[in-house]
Amino acid sequence: MYVKKYRVLLISLLSAVLLTTGTFSISTSKAFADSLNPPPVPVSDSPSATSSSPVAAHGNLHVDGPGLTDCHGEKYQLRGMSTHGIAWFPQYITLETFCTLRDDWNTNCIRLAMYTEEYNGYCSGGNQDELKALIQKGVDYATELGMYVILDWHVLNDRDPNVHKTEARAFFQEMSSLYKNHKNVLYEICNEPNSNVTWDSIKSYAREVIPVIRANDPDAVIIVGTPTWSQDIHQAASAPLEYENVLYALHFYAATHTDWLRQRLETCIAQGLPVFVSEFGTCDASGNGSNDFHQAAQWLDLLDNYSISYCCWNLANKAEASSVLSPDCKKISGWSLDELSESGKWIFEQFRSRSLH
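Parameters and conventions
Here the residue numbers are simple positions, counted from 1 along each chain's written sequence. The model is predicted, so local features are restricted to residues of pLDDT at least 70 and side-chain atom pairs to those at 80 or more, both for listing and for counting; the totals for chains, interfaces and linings are taken over all residues. Note that the side-chain values use all heavy atoms of the structure and ignore hydrogens as well as water. Only DSSP runs of H or I reaching four residues or more are called helices, and only runs of E reaching two or more are called strands; each is numbered from the N terminus. Working definition: with a 1.4 Å probe on protein chains only, accessible area under 20% of the residue-type maximum means buried, over 50% means exposed, and in between means partly exposed. The nonpolar core is taken to be a set of buried Ala, Val, Leu, Ile, Met, Phe, Trp, Tyr and Cys residues, with the residues joined through side-chain atoms within 4.5 Å. Any pair of residues with heavy atoms lying within 4.5 Å of one another is described as a contacting pair. Pairing between two strands requires that DSSP report at least two bridges joining them. Look down the strands so they point away from you; if the path from the first strand over the helix to the second goes clockwise, the crossover is right-handed. All axes here are fitted lines through C-alpha atoms, helices being fitted over the stretch that makes contact, and every angle between N-to-C directions spans 0 to 180 degrees. Relative orientations are named as follows: roughly parallel for angles under 35 degrees, roughly antiparallel for angles over 145 degrees, roughly perpendicular for angles from 65 to 115 degrees, and oblique for any other angle. In this scheme the crossing of two helices becomes right-handed for a clockwise turn of the near helix relative to the far one and left-handed for an anticlockwise turn of less than a right angle. In this analysis, the expected span of each helix is defined as 1.5 Å times one less than the number of residues it contains. The term bend refers to the angle at a residue between two fitted axes, each drawn through seven residues, those ending there and those starting there.

Draft legend 1. Spatial organisation of unusual backbone geometry. The omega torsion across Trp313 and Asn314 is 10 degrees, close enough to zero to call that bond cis. Not every positive phi belongs to a glycine, and Asn120 is a case in point at roughly 65 degrees. Topologically, Asn120 is positioned in the loop between β5 (109-115) and α5 (128-145). Of note in the backbone geometry, Trp229 takes a positive phi value of approximately 55 degrees without being a glycine. Looking at the secondary structure, you find Trp229 in helix α8 (residues 227-230). For Trp229, a relative accessible area of 37% corresponds to the partly exposed category.

Quick look at the structure:
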């Protein structure tokens, strides 16, 4: 126990120094962390994953109705945080960060957002080995803590997921091979198709990527993005994919997406569409601007009513409204309220006040 505390303290101190001096890099953090971190132990043997941890209590998840059920056949809702792009904010992929989210923030899920096209994205000049190492560290830490974890292939500026379909197939083949025996890993195969990309195009992509995952992990829960930045879920409801254990992504930003999108969601639920809100914010769709907590509360109440899972965007100290940490906060865990942004304070209180079943 004392060795573990000493290791965590060393990592925290080095992260703070590197962030202060501006010399933080994926390579540096990985080399140091690898030198201190022993291989992860299974969930059942981990001192951090007690019998009451989310995964220990609820096990493998399955799609049923509008959302998820657990290994007991009971409705189960994932609530958690999405990282920002892990290439830009790797400092939050730590055991102590995730532990704060689980124990202080009352969450059971972490979404690992890996951009594909943007600067240093996986398919646009980023170091793929380092990015995969970050993903694997994130899964290891989530597993040790008994949390669920989403591997997010974060399509944005590439617009159509077919642009990098070859790379996506290879990535998900490797990841599903690694995690085929994990109870806690979900796969999000295309974040936000946009710019007039059709549902037929997304379906074509999904029909090539989903079988790659299924070959290794036949029962994996898979999240599929929908057109127009994952808002046009009604198109998926009219022509869903022919696979089981698939959820369709709906994204909202409360200051932009109001009654009309909530009504669309309820219509799609009535049609039998399973939905996962894998990204939402309390501000406008740019990720910035003013927060609308009244609209955001209506959204969360609706999602809780249907037991639809959700992840908040984003875990970072970027100077924008959607980041939950204040720009001057350099800590990677154990944040006080004063170290949270306006939206961070609100979502922290929301997570704390909404019971996890």
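Draft legend 2. Up close: the nonpolar core. Formed by 83 residues in total, the largest nonpolar core has its most connected members in Ile189 and Val224. Once residues lying within four places of it in the same chain are set aside, the contact partners of Ile189 are Trp153, Phe172, Tyr205, Ala206, Val209, Ile210, Ile213, Ile222, Ile223 and Val224. Ranked by size, the runner-up nonpolar core spans 16 residues in total, among them Val63, Leu186, Ile223 and Phe276.

Draft legend 3. Expanded view of the pairing of strand β6 (residues 148-154). Among the seven residues of β6, seven are classified as buried, and the element is accordingly described as predominantly covered. Both β5 and β6 contribute to a ladder of seven bridges, which runs parallel. Residue Cys109 lies in a different strand from β6, and its bridge partner there is Tyr148. Crossover connection from β5 via α5 to parallel β6: handedness right-handed. Across four bridges, β6 lies against strand β7 (residues 185-188) in parallel orientation. Its bridge partner lying in β7, Leu151 is registered against Tyr187. Where the polypeptide runs from β6 across helix α6 (residues 165-178) and back to β7, its parallel neighbour, the crossover connection is right-handed.

Draft legend 4. Highlighting the packing of α5 against α6. In contact at an axis separation of 12 Å, α5 and α6 are set at 30 degrees when each is read in the N-to-C sense. Relative to α6, the element α5 lies roughly parallel. Between α5 and α6 the crossing geometry is right-handed. Across the interface between the two elements, Lys132, Ile135 and Gln136 from α5 touch Phe171, Glu174, Met175 and Leu178 from α6.

Draft legend 5. Spatial organisation of helix α7 (residues 199-216). With 18 residues, α7 extends 26 Å between its outermost C-alpha atoms, agreeing within 8% with the 26 Å of an ideal straight helix rising 1.5 Å per residue. By the largest-angle criterion, Ala206 marks the main kink of α7, which is about 25 degrees. Restricting attention to buried positions, one finds in α7 the residues Trp199, Ser201, Ile202, Lys203, Tyr205, Ala206, Val209, Ile210, Val212, Ile213, Arg214 and Asn216.

Read these as geometric descriptors, not functional statements.
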